[in-house]
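# A closer look at the structure
Residue-level listing of the chains:
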Amino acid sequence: MQVAGIRQAGDRVELIDVAGPRPLAADEVLLEVMAAGVGNWDEFARTGGWDVGARPPMALGVEAAGTVVAAGWAAGEWAPGDQVMTHPLPLRDQGAWAPRLIAPAGLLARKPPGASWEAAAAFPVPALTAEQVLGDALGVRAGEQVLVNGASGITGGLLVALAALRGAQVIATAGPAHRQRVTGLGAHHMVDYHDRQWPAQVRAITGGRGVAAAANAAPGGAATAIRAVADGGRLATITSDPPGGQRGITVSSIYVRPDGTQLRGLAKQFGDGQLEIPVAASYRLAEAAQALAQVVGGHAAGAVVLTP
Ligand SMILES: NC(=O)c1ccc[n+]([C@@H]2O[C@H](COP(=O)([O-])OP(=O)(O)OC[C@H]3O[C@@H](n4cnc5c(N)ncnc54)[C@H](OP(=O)(O)O)[C@@H]3O)[C@@H](O)[C@H]2O)c1
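One structure accompanies this document, and this report is about it. Note that the structure is predicted; figures quoted are calculated from it, not measured.

### Observations regarding unusual backbone geometry
- For the bond running from Pro56 to Pro57, omega is 5°, close enough to zero to count as cis.
- With respect to the helices and strands, the residue Pro57 is situated in the loop between helix H1 (41-46) and strand S4 (58-59).
- Geometrically, the link from Leu89 to Pro90 is a cis peptide bond, its omega value of -10° lying close to zero.
- Relative to the assigned elements, Pro90 resides in the loop between strand S6 (83-86) and strand S7 (100-104).
- Despite not being glycine, Ser240 has its phi angle at roughly 55°, a positive value.
- Secondary-structure assignment places Ser240 in the loop between strand S13 (229-237) and strand S14 (250-253).
- A relative accessible area of 45% places Ser240 in the partly exposed class.
- With a phi close to 50°, Arg247 is a non-glycine residue in the positive phi region.
- By secondary structure assignment, the location of Arg247 is in the loop between S13 and S14.

### With respect to the site of the ligand
- The ligand sits among 22 residues. The nearest are Asn40, Ser152, Tyr193, Ile254 and Val256.
- In the environment of the ligand, a nitrogen atom lies 2.8 Å from a nitrogen or oxygen atom belonging to the backbone of Ile254.
- Between an oxygen atom of the ligand and a main-chain N or O atom of Val256, the distance comes to 2.7 Å.
- Among the elements that make up the shell around the ligand, the one with the highest residue count is helix H4 (residues 154-165) (3 residues).
- Counted by class, the shell around the ligand contains 10 nonpolar, 12 polar and no charged residues.

Cut-offs used in this document
Residues numbered from 1 in each chain as written. Predicted model: local features only at pLDDT ≥ 70, side-chain atom pairs only at ≥ 80, totals over all residues. Heavy atoms only, no water. Helix = DSSP H or I, 4+ residues; strand = E, 2+ residues; numbered from the N terminus. Buried < 20%, exposed > 50% of the residue type's maximum accessible area, 1.4 Å probe, protein only. Near = heavy atom within 4 Å. Polar contact = N/O pair within 3.5 Å; in protein donor to acceptor, adjacent residues only side chain to side chain. Nonpolar A, V, L, I, M, F, W, Y, C, P; charged D, E, K, R; others polar.

Structural data, given as structure tokens:
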């Protein structure tokens with residue numbers, strides 16, 4: 001099977017030949033991949049900084065949307081023909097940048113019928129991350145003032161939408177070009193992060209107290225975001241930059257965790273039109289290195305995906 005991946009950790013991404021999918025275990029399904037997400041987390045997998053469960057030579061890719069073509073006897077509700085999406089870690093066989101993918105049945109969610117293959121493929125990792133930040137780490141409650149720093153990104157936009165759906169009053173940072181979109185996602189107040197004193201603006205919006213909880217999705221942004229958090233508040237960051245604790249603030253650093261139950265709940269909100277994924281670019285598998293470079297360079301105004 002021809003996949004987009006690496007022969008050794010650190011190699012440039014290219015098309016490589018690997019063995020076709022092995023026979024399924026009882027709890028597995030085989031997917032025909034229709035599209036797979038590309039994130040800068042794939043760069044950590046490429047360089048060996050993130051153990052995704054498979055060893056090179058291997059296909060990269062940790063999220064996909066596709067059609068079930070075969071199912072093990074204990075795969076539960078899933079049957080050939082089902083259209084699904086998944087964040088199937090640890091990988092059972094190969095990564096998602098491939099024509100075929102073996103995934104654990106428990107980590108599948110149904111693709112909303114109205115969602116494109118591309119948007120569905122780019123949904124699992126940022127949606128799970130956002131839900132785990134707001135639910136597991138911050139425990140955001142209705143009526144709370146919540147800051148989302150980096151709201152114009154894919155994950156940042158989902159953080160805004162999901163926090164607003166929880167009934168929080170969302171204060172978001174983004175550049176002026178993204179103001180309208182982020183407001184449309186449910187942000188009550190917008191602050192331009194280009195103003196170096198933006199945490200003071202957030203404090204002014206909150207009557208000087210600071211927000212009860214903050215989610216940081218801006219690379220290197222957590223140390224600035226914590227200045228906008230109230231004494232005794234909570235901060236969670238997804239960019240591996242947790243600042244030291246201060247003023248009684250609880251700080252957590254969050255890494256996405258595969259969770260089929262959570263993904264199925266999020267898929268319902270996606271299908272209801274409460275969540276969205278803007279897709280910026282779609283590449284063929286043979287162009288995976290270019291797709292990854294676009295994501296790592298931060299030049300995509302939306303999600304980047306691969307199609308076999
Ligand atoms: N820990 C995890 O499990 C996990 C999961 C998913 C993502 N992540 C990480 O989270 C980060 C965001 O992911 P993403 O999918 O949302 O990426 P993305 O779509 O590339 O968005 C990044 C956004 O950050 C904004 N930004 C850049 N510098 C900023 C700053 N100083 N202050 C405020 N906003 C700033 C940019 O806005 P402008 O266009 O306005 O400049 C851009 O829209 C990435 O570093 C990613 O690796 C981690």
